[in-house]
Amino acid sequence: MVLVACFLLSSCKTSQQTTGKPYEKAEEATEINLPFSGREYKSDSKNFRAVNQGKSPDMATAKKIAMANAITEIGTRIQNTVKAVTSQYTNQRNVADAVNFEKKFEEMARVVVNQITQNIDVIGEKCFKGSDGQYTYWIVLETEKDQVIKKMTSAVSSNAELKLDFDEYMYSKIFDEEMKKFEGR
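Here the structure is a predicted model, which means the values were calculated and not measured.

J.: Would you explain the overall build of the protein in this entry?
T.: Assigned secondary structure in the protein consists of 6 helices and 3 strands. Listed N to C, the secondary structure of the protein is α-β-α-α-β-β-α-α-α in terms of helices and strands. Considering only residue pairs separated by 6 or more positions, the protein has 71% of its internal contacts joining residues 24 or more positions apart.

J.: Could you clarify how one ought to interpret the sheet that holds strand E3 (residues 135-144) in this entry?
T.: Paired through their backbone hydrogen bonds, the strands of a sheet run either parallel or antiparallel. Spatially, 3 strands are ordered E1-E3-E2 in an open sheet, and the strand pairing comes out antiparallel. A single partner strand is all that each edge strand has here, and the edge strands are strand E1 (47-56) and strand E2 (121-129). Across this sheet, the average inter-strand angle for adjacent strands is 15°, counted without regard to direction. When E1 meets E3, the two strands line up antiparallel, connected through 10 bridges. For Phe48, the partnering residue across the bridge sits in E3 and is Thr143. Where helix H2 (residues 59-93) meets the sheet, its contacts fall on E1, E2 and E3, and the angle it forms with E1 comes to roughly 150°.

J.: For this particular structure, what's the right way to read the packing of aromatic side chains?
T.: Each aromatic ring pair is summarised here by two numbers: the centre-to-centre distance and the angle between the ring planes. For the structure on display, the rule yields 11 aromatic pairs. For the pair Phe101 and Phe105, a centre-to-centre distance of 5.2 Å together with 35° between the ring planes defines the contact as tilted. Of this pair, Phe101 and Phe105 both sit in helix H3 (residues 98-117), 4 residues apart, which is roughly one turn of that helix. Each member of the pair, Phe101 as well as Phe105, is classed as buried. When the ring of Tyr171 is compared with that of Phe175, the centres are 6.1 Å apart and the planes differ by 50°; the resulting orientation is tilted.

J.: Where do I start with the side chain of Ser56 in this structure?
T.: Take Ser56: it is sitting in strand E1. Among the polar contacts made by the side chain of Ser56, one reaches the main-chain amide nitrogen of Asp58 at a distance of 3.1 Å. The residues contacting Ser56, other than those within four sequence positions of it, are Thr61, Ala62, Ile65, Gln134 and Tyr135.

J.: How do you make sense of the environment of Ile65 when you look at a structure like this?
T.: Note on placement: Ile65 falls in helix H2. Through-space distance from the C-alpha of Ile65 to that of Gly54 is 4.7 Å; in sequence the pair is 11 residues apart. Residue contacts for Ile65: discarding those within four places in its chain leaves Gln53, Gly54, Lys55 and Ser56.

Analysis parameters
Residues numbered from 1 in each chain as written. Predicted model: local features only at pLDDT ≥ 70, side-chain atom pairs only at ≥ 80, totals over all residues. Heavy atoms only, no water. Helix = DSSP H or I, 4+ residues; strand = E, 2+ residues; numbered from the N terminus. Contact = heavy atoms within 4.5 Å. Pairing = 2+ DSSP bridges. Axes fitted to C-alpha atoms, helices over the stretch in contact; angles between N-to-C directions. Phe/Tyr/Trp six-rings, centres within 6.5 Å; stacked < 30°, edge-to-face > 60°. Buried < 20%, exposed > 50% of the residue type's maximum accessible area, 1.4 Å probe, protein only. Polar contact = N/O pair within 3.5 Å; in protein donor to acceptor, adjacent residues only side chain to side chain.

Rendered as structure tokens:
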């Protein structure tokens, strides 16, 4: 009986030692400072921003990859925000045919996002050449929230059916509230 107890105690001690080793290895890890990781490069209540990178043995290709990745990221962020705002707007306004209104609005949002991503501002670029000869290109893109609202309002104004249920002030107010959520991130 004493022999079994000693065995159990020694196996518990072994498992404790084993779980400690990964922690020790984590302490040996090197922290990597990513370019454009400061607060000023994140989306906020006034701007949508995206930071992304591309890697290639060719610098121009690395830049194209970084640009494509950042455009996809900022476009997705805008589209998700517009979708959330539209859903809240539809619920608050008691739109008669809410499903149809949201569907048309989402279709319109895709068109608007495509237009916006054609005219996005580049606010930062950095390129690094690694020891392997590969280029890593970092890019930061930005577009103003007001530009998104303006384009959405313009698109709605050209659609007679959507225009009936659209209140620009209310939509902008909800959009502002949604954008404030970026401040806490």
